[in-house]
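Observations on the model geometry
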Amino acid sequence: MSDEWYYEISTGKVTKGKEGSVLDRMGPYPDEATARRALEIAKERNESADADDED
């Protein structure tokens, strides 16, 4: 079994290993806690990229 964790966008489910559609999956993440923060991490990265664009 994979040691990588994933976040399913449509359900909010966190899984160990790839499950569901690749179009509905974020990851991989190193651990469950990080996978649970997937949307927050994506938001932080988007905000950082937007700030870089403004510079």
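Residues numbered from 1 in each chain as written. Predicted model: local features only at pLDDT ≥ 70, side-chain atom pairs only at ≥ 80, totals over all residues. Heavy atoms only, no water.

1. What about the nonpolar core?
Counting 8 residues, the largest nonpolar core is built from Trp5, Tyr7, Val14, Met26, Tyr29, Ala35, Ala38 and Ile41. Ignoring anything within four residues of it in the chain, the contact list for Ala35 reads Trp5, Tyr6, Tyr7, Val14 and Tyr29. (Core = buried A, V, L, I, M, F, W, Y, C linked by side-chain atoms within 4.5 Å. Buried < 20%, exposed > 50% of the residue type's maximum accessible area, 1.4 Å probe, protein only. Contact = heavy atoms within 4.5 Å.)

2. Some thoughts on the packing of aromatic side chains
Scanning the model with the defined rule gives 0 aromatic pairs in all. In this structure, Arg25 packs its charged tip against the face of Tyr6, placed 5.5 Å from the ring centre. (Phe/Tyr/Trp six-rings, centres within 6.5 Å; stacked < 30°, edge-to-face > 60°. Lys NZ or Arg CZ within 6 Å of the ring centre and 35° of its normal.)

3. Some details on the pairing of strand β1 (residues 5–8)
A two-sided burial pattern is seen for β1, the buried positions comprising Trp5 and Tyr7 on one face and Tyr6 and Glu8 on the other. When β1 meets strand β2 (residues 14–16), the two strands line up antiparallel, connected through 3 bridges. Bridge assignment links Tyr7 to a residue of β2, and that residue is Val14. The hairpin formed by β1 and β2 contains 5 residues between the paired strands, and Gly12 there has a positive phi angle of roughly 75°. (Helix = DSSP H or I, 4+ residues; strand = E, 2+ residues; numbered from the N terminus. Pairing = 2+ DSSP bridges.)

4. A look at the side chain of Arg25
Looking at where Arg25 falls in the secondary structure, it is placed in strand β3 (residues 25–29). The side chain of Arg25 sits in the buried core without any salt bridge; Glu8 is the nearest counter-charge, 7.0 Å away. Among the polar contacts made by the side chain of Arg25, one reaches the main-chain carbonyl oxygen of Glu19 at a distance of 3.4 Å. Only 3.1 Å separates the side chain of Arg25 from the backbone oxygen of Gly20, close enough to count as a polar contact. Residues contacting Arg25, with those up to four places away along its chain left out, are Tyr6, Tyr7, Ile9, Lys18, Glu19 and Gly20. (Lys, Arg positive; Asp, Glu negative; His and termini not counted. Salt bridge = Lys/Arg side-chain N within 4 Å of Asp/Glu carboxyl O. Polar contact = N/O pair within 3.5 Å; in protein donor to acceptor, adjacent residues only side chain to side chain.)

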